[in-house]
Amino acid sequence: MQESCASGMDHDLRDLAELERLILQQISESSTIDELEGVRIRYLGRKGEISALLKHIGNLAPEQRPVFGAAVNALRDKVTQMIAARKAELDREALEQSLARDTIDVSLPGEVFELGGLHPLTKALREITSILSSMGFTVYESREAETDDMNFVKLNVPKGHPARDMQETFYLTGTTLLRTHTSPGQIRGMLALEGKLPVRFIVPGRVYRRDQTDASHHPVFFQVEGLAIDADVTFKQLRGVISALMNRFFGQDVKIRLRPSYFPFTEPSCEVDISCVFCKGEGCSVCGNSGYLEVAGAGMVHPQVLINGGYDPEEVSGFAFGFGLDRLAMLKYGIDDIRLLYGNDKRFLSQFRGL
Amino acid sequence: MRVPWKWLNEYVNLPWDPQEAAHRLTMAGVCVEELIYDELGVTSVVSARIMEVEPHPTRPGQKVGILDTGAEKLQIVSGAPGFEKGNITLVAPPGACLPGGLRIEAREVDGVLSEGMVVCSNELLTGQAPRPLEDIILLPAGTSPGVPASDLFELDDWVMDLDLTVNYSHCLGILGVAMEAAALARRPLKLPEVLARGQWAGPHGSRDPEPNAPGNPEFRLDLPEPEACPRYVGKLVEDVRFAYSPVNMERRLMLAGQRPLNLVVDVTNYVMLETGQPLHAFDADQIADNTIIVRSSKPGETLVTLDGIERELPENTILITDPSGPIGIAGIMGGKHTEVTKNTRRVLIESAYFDPLTVRLASQKLKLRTEAALRFEKGLDPTAQTAVAERAAALIGSLAGGMPVPGYTEANYLDITPKRILLRMQTVERLLGTRISAETCREILERVNFQVDQDVFHAQAPSIAVTVPPRRVDIHGEVDLVEEVARHSGYDSFGTGDLSGAVPGGITDPKLLCVEKIRDLLVSHGGLECITNSLISREDLARLGWDSDDPRGNPVPLQHPLSSEESVLRTGIIPGLVKVASSNIRSGIQGMFIWEVGRVFFPADRSSDGGLPLETTQIGLVSYGVLKPKTWLGGPEEAGFYHMKGVIHSLLNLLGISDVKYLPKAGMPFHPGRSAKIAAHMSTVGEIGDLHPACLKELDIPVPVTACWLSLDGLLSMVKPKGFVPPSRLMPVERDLAVIVPEEVPGGEVVEAIRQTGRHLDSVALFDVWRKPPVPPGHKSLAFRLVYQPTDKTLTEEDLAEDRERIMERLRKDCNAVLRS
Ligand SMILES: [Zn+2]
């Protein structure tokens, strides 16, 4: 009985080895997660063969139980482990397959987003505004249709003054006109501030002159006027502000020179020349071989203009400057014909879409 | 003004070459626009002595002479009166060149060889044949033979072309420029003797150089309108012989841009160019009754001016007249009848002061912008008239043997007291930002003939009293003296400073900030910004169907437009943008989405200030064609109503304006069935739509175009600062709802009804419109995605079903809707 029992257990142990070989073969032969799961259920499921063997332990003689029990448990652990390993392997294969399956042709073009763009004059104005903002200038917008009084008389240009020849004017009526410069914005801006200090603003906008259109003239163009008034504003500071503006707009290597000139509403007055951005001052056709380009008019605000704006010239001083936005933009972007700016050809405008 | 270099250097010996001088003058405010080398192209013309002269053997009046040039002997044939033995003249031997590329060759005159030619001034300076009564050039007796013409005369020279600002009337004469240059170079100024004697340009003005001469009784003078002509000086010169001017004077006039005529006229021009004071010479014997009256024109008066043109004289033109009628237009041009001719024996030189504005207006009306007028209208030295007249008379006397009659015919209503201005050093420093000493200021001002009184120097508040020469009509106050000091110091000598005090800058006006954000939004939506002309034509408006019934068809006109194309102010942005679209279509551009922000103008209403037009800011948008090309991913994206509406939706979202309605049917230029008025908060802020086919036809545009305008002022007035609602912790829930409504029910109303009725509804999006079976004919199915956002408690299925029923009840009632199952 004992012997038979012993030999019976030996037999069971041999069967276990055979079973293990069989199971491991089935695991390795499983090619899908489902097949592997079938193997798991077949042997490790509640009704599986290994589970049955574990239950069978109770039927063995007490002395046989530890040996056989240990062998079955070992088998269970090994199978569990092998299934997990095979599962990881199959998961990896499946992922690799799905990656291969989902691969796209990255060389094909992406979705098209049509970029809009700002007009080059707006781009230039934004840059100028940002530079002058950093020096404390705010933006004031003034009227385009003006009175003769604001456009001329308040700026020291009475009727019949030869300076009126400098600017051919579009009149609307005997007393109203289209502003010939942004300078009336000085007066309106000052009056709006009601004597407050400091005064520091720019007036950008359209101006109008009776000029026949050609490569450098257009009856409508843009100016930017600047005005700074305080207790101690000087010509020296005017130079500082203009230099900073030009150097940041055109580049650090641009040289500035101030040339005496005449504007009825400033005294002293000057033209602002910059060294030619095309030939670096060597002389070329753009600068008429002078090496310099005239870019702005400026000066110390005339005492009468301060009075007209509600300020006392004995108490405060100020400077003003004005430049053609078109000219600055044309110089910066190398545009040689002003008509391009107002022609709005898509092929022209599209080139300014970037930074 | 053109300033010949050698002429300038007659008055001041400049230590610079012309380039340096031009630069220095420019940087001191006397702007030299261009420096030109003016060459005549005369070569190999030399002085020669006429050794012997014999009559031509066969040709009467012609003579055959032998000339010695020092290097060779030449046989030359000439009929000139000065071609006499012993005279020294200029000869152009074979191979010599005269102006105009004229090359001299030996030739035969009736069988006699002539080896070159002897030349007159006209031949030397212009290459043209002698003028009537013109003799060959006769050189001073001591002249050696063989001296090149260019060493004897100022043939080739640099010319500075000045572009003077209107305040620089003191530089309208070469002497004025010389004074500036002399001051810059710190060299003395050499005045012609007569002018020096008259203290021309002195701090207290010029004086009569002949103060003790008796008044001239021969001419009567009447100045009935002293405001227009306050000062008139007539200087008589008798025994005048006709002559041409000396070669150098003719050449200088030519270099300065004038045509030499005869000595008397040339001298008046020469002295004007020298001093800036215009002069006129009358043939005194042609002036009726020896009487001159300077008065305003009478209606219908005419005058044949020097240029031979009969001119009607506009009202308020000041005229020089004699008892028989006008003989000159004051300050502008003389009359033909009294012109100086070869027969003139007595000359009356007019040196006057006319009111600048009167001359200016007359010259503009007559469209006669003469050198004289351009000077008078800028304002001249009101004291220089006698000195300058005397200078001219002396020149005529010395060059043409005339006899200046002592004294003047003169009337003077001007009482010139030179201005005295206190210049405070504190003002100089306050304006320039640099300290300049009173001593330096004095030096600078004295060099340009200001008088500086030293007795007001004070150590505490130094200042100087400055007497302004009357010719400096540009100097009115202290700041003008600051400029005078500054420009002679050099504008670039004061250094660079920063504005003191940190002040926050940038765009502070919320409206302007909004505009920039709108610009960015439109760019991000693919819009290209345009800037179009704000001057357009009435036709541009008419083509959009804006006729006189429409405010937009009643634009503000310009009084004197350059062309009808640019004759009125725009009443909308769309006309300009439509033209841009049209021109791009013609260039073959397949599609565009463009926009512009700018002002539009309407006639003033009674309340507006100063009669100024109403000015408002508008956004215009226009699109046509393919905006995004078809790609392998889809597309193409076409311009059209719904694209535009989407952009507007974004824009209004940006501004936080959500109470917006699209009311069907906008007026012209829109298609009545494909357009809407955009109403925000119950007021119209714009219009959107496809253009009316009739407009497209008028505009000759072959493709559909969509347009929109928005009143920026209107929109921006609705922008309010907005708070925020903290996000709910509860998840949003989505439900779809499809309803069938009759075709005539606008989809927008259904959306609005759902939005108003649903509770906890966050958004309603239309995702499908279906008009085919099973939807019955005349109906459409609209499918919406409703997103609920519960706030305090999770919405149950019962809550959602209840809301759905509530919505359907409303839709059944208001929109004739049935639920699509
Ligand atoms: Zn250059």
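Residues numbered from 1 in each chain as written. Chains lettered and ligands numbered in written order. Predicted model: local features only at pLDDT ≥ 70, side-chain atom pairs only at ≥ 80, totals over all residues. Heavy atoms only, no water.

J.: Sorry if this is basic, but what is going on with the interface of chain A and chain B here?
T.: Size of an interface: often given as the accessible area lost when the parts come together. At the junction of the two partners, chain A supplies 96 residues and chain B supplies 90 residues. Summed over both partners, the interface of chain A with chain B comes to about 7500 Å²; 56% of that surface belongs to carbon and sulfur atoms. On the chain A side of the contact with chain B, Lys236, Pro260 and Lys346 of chain A bury the most area, a combined 9% of that side's loss. Applying the counting rule to chain A against chain B returns seven salt bridges. A salt bridge links arginine 424 of chain B to glutamate 314 of chain A; its shortest N-O distance comes to 3.0 Å. Scanning the region where chain A abuts chain B turns up 42 residue pairs in polar contact (both at pLDDT 80 or more). Residues that form the side of chain A that touches chain B fall into these classes: 41 nonpolar, 28 polar and 27 charged. (Contact = heavy atoms within 4.5 Å. Buried area = accessible area lost by both parts, 1.4 Å probe. Salt bridge = Lys/Arg side-chain N within 4 Å of Asp/Glu carboxyl O. Polar contact = N/O pair within 3.5 Å; in protein donor to acceptor, adjacent residues only side chain to side chain. Nonpolar A, V, L, I, M, F, W, Y, C, P; charged D, E, K, R; others polar.)

J.: Looking at this structure, I do not really get empty space enclosed by the protein. What am I missing?
T.: Leftover empty space is mapped by rolling, across the atoms, a probe with the size of a water molecule. Residue and element names in this part refer to chain B. As enumerated under the stated definition, the model contains three cavities of 30 Å³ or more in all. Reported here for the largest cavity is a volume of approximately 130 Å³. Together, 14 residues line the largest cavity, and Ser169, His170, Thr275, Leu380 and Asp381 are the ones closest to its centre. For the lining of the largest cavity, the residue count by class is four nonpolar, eight polar and two charged. Taken together, domain 1 (2-39 + 156-190) and domain 3 (194-412) each give at least three residues to the lining of the largest cavity, which thus spans both. Estimates place the volume of the second largest cavity at around 60 Å³. Surrounding the second largest cavity, Val240, Arg241, Phe242, Ala243, Asn262, Leu263, Val264, Val340, Thr341, Thr344 and Val347 form its lining. A per-class count over the lining of the second largest cavity returns seven nonpolar, three polar and one charged. (1 Å grid on protein atoms, 1.4 Å probe; cavity = no way out; pocket = protein on both sides within 12 Å on 5 of 7 lines; lining within 4 Å. Points joined across faces, edges and corners; volume = space filled by probe spheres on them. Domains from an automatic or database assignment.)

J.: Explain the pattern of salt bridges here, please?
T.: Working definition: two side chains of opposite charge can pair if their charged atoms are close together. Under the defined criterion, the tally for this structure stands at 79 salt bridges over all chains. Of the charged contacts, one joins arginine 86 of chain A and glutamate 89 of chain A as a salt bridge, the two residues approaching to 2.7 Å between their closest N and O atoms. In this pair, arginine 86 of chain A and glutamate 89 of chain A are both assigned in helix H4 (residues 65-101), three residues apart and thus about one turn of the helix distant. Judged by its relative accessible area of 34%, glutamate 89 of chain A is partly exposed. Linking arginine 143 of chain A and glutamate 615 of chain B is a salt bridge whose minimum nitrogen-to-oxygen distance equals 3.2 Å. (Helix = DSSP H or I, 4+ residues; strand = E, 2+ residues; numbered from the N terminus. Buried < 20%, exposed > 50% of the residue type's maximum accessible area, 1.4 Å probe, protein only.)

J.: Please clarify how the layout of surface pockets should be interpreted in this entry.
T.: Residues and elements named next belong to chain B. Computed from the structure, the second largest pocket encloses a volume of approximately 1900 Å³. For the second largest pocket, the lining is made up of 50 residues, of which Lys645, Tyr662, Gly747, Gly748 and Val751 are closest to its centre. Secondary structure elements with two or more residues in the lining of the second largest pocket: strand E33 (614-628), helix H18 (641-655), strand E35 (660-664), strand E36 (670-680), strand E38 (705-711), helix H21 (747-757), strand E40 (761-770) and strand E41 (779-788). When residues in the lining of the second largest pocket are grouped by element, the largest group, seven residues, is from H18. The class makeup of the residues in the lining of the second largest pocket is 22 nonpolar, 13 polar and 15 charged.

J.: Can you walk me through the nonpolar core in this structure?
T.: Across soluble globular proteins, you tend to see nonpolar side chains buried next to one another. Phe137, Phe319 and Phe321 of chain A together with Leu423 of chain B are the most contacted members of the largest nonpolar core, which has 113 residues in total. A total of eight residues in this core trace back to one element, the largest contributor, which is helix H8 (residues 235-250) of chain A. With near-sequence residues (within four places) excluded, leucine 423 of chain B lies in contact with Val428, Cys441, Leu445, Pro462, Ser463, Ile464, Val466, Glu478, Leu481, Val482 and Val485 of chain B. With 59 residues, the next largest nonpolar core counts Leu25, Leu164, Leu195 and Val388 of chain B among its residues. (Core = buried A, V, L, I, M, F, W, Y, C linked by side-chain atoms within 4.5 Å.)

J.: Before we go on, may I ask you to explain the sheet that holds strand E20 (residues 318-322) of chain B in this structure?
T.: Paired through backbone hydrogen bonds, the strands of a sheet run either parallel or antiparallel to each other. All names here are of chain B. On the basis of which strands lie adjacent, the open sheet formed by five strands has the order E14-E17-E20-E21-E22 and mixed pairing. What marks the edges here is a single partner per strand, and that holds for strand E14 (220-222) and strand E22 (333-334). Bridge count for strand E17 (residues 291-296) against E20 is four bridges, and the pairing is antiparallel. Along E20, the bridge assignment pairs isoleucine 293 with threonine 321. (Pairing = 2+ DSSP bridges.)

J.: Explain the coordination of the zinc ion to me, please; I cannot follow it from the model alone.
T.: Ideal geometry at a metal centre: 109.5 degrees between donors when four sit tetrahedrally, and 90 or 180 degrees when six sit octahedrally. Residue and element names in this part refer to chain A. In the first shell of the zinc ion, the protein supplies Cys276 (SG), Cys279 (SG), Cys284 (SG) and Cys287 (SG), at 2.2 to 2.3 Å from the metal. The site at the zinc ion holds four donor atoms, and with the angles between them running 100 to 113°, its shape is tetrahedral. Sequence spacing among the residues donating to the zinc ion works out to C-x2-C-x4-C-x2-C. Each member of the pair, cysteine 276 as well as cysteine 279, carries the same accessibility label: buried. (Donors = N, O, S within 2.8 Å, 3.2 Å for Na, K, Ca; no water. Tetrahedral: all angles 85-135°; square planar, octahedral: opposite > 155°, others 65-115°.)

J.: Can you help me understand the pairing of strand E28 (residues 463-467) of chain B in this one?
T.: Strand residues, when the strand is regular, have side chains that alternate between the two faces of the sheet. Residue and element names in this part refer to chain B. For E28, a buried count of five out of five residues is recorded, marking the element as mostly surrounded by other parts of the structure. Here E28 shows a buried face lined by Ser463, Ala465 and Thr467 and a second buried face lined by Ile464 and Val466. By the bridge criterion, five bridges tie strand E26 (residues 420-424) to E28 in an arrangement that is antiparallel. Bridging across to E28, arginine 424 finds its partner in serine 463. When strand E27 (residues 451-453) meets E28, the two strands line up antiparallel, connected through three bridges. Pairing of aspartate 453 across the sheet is with alanine 465, part of E28.

J.: Is there a simple way to explain the pairing of E41 of chain B in this structure?
T.: Residues and elements named next belong to chain B. Burial analysis of E41 places eight of its ten residues in the buried class, which makes it a mostly covered element. With eight bridges connecting them, E40 and E41 associate as antiparallel partners. Bridge pairing in E41 links aspartate 768 to alanine 783.

J.: Sorry if this is basic, but what is going on with the packing of helix H5 (residues 120-133) of chain A against helix H10 (residues 325-333) of chain A here?
T.: Two packed helices can be described by the angle between their axes and the distance between those axes. Residues and elements named next belong to chain A. Taken N-terminus to C-terminus, the directions of H5 and H10 make an angle of 95°; their axes are 9 Å apart at the nearest point. Relative to H10, the element H5 lies roughly perpendicular. Across the interface between the two elements, Pro120, Leu121, Lys123, Ala124, Leu125, Glu127 and Ile128 from H5 touch Leu325, Asp326, Leu328, Ala329, Lys332 and Tyr333 from H10. (Axes fitted to C-alpha atoms, helices over the stretch in contact; angles between N-to-C directions. Parallel < 35°, antiparallel > 145°, perpendicular 65-115°, else oblique.)

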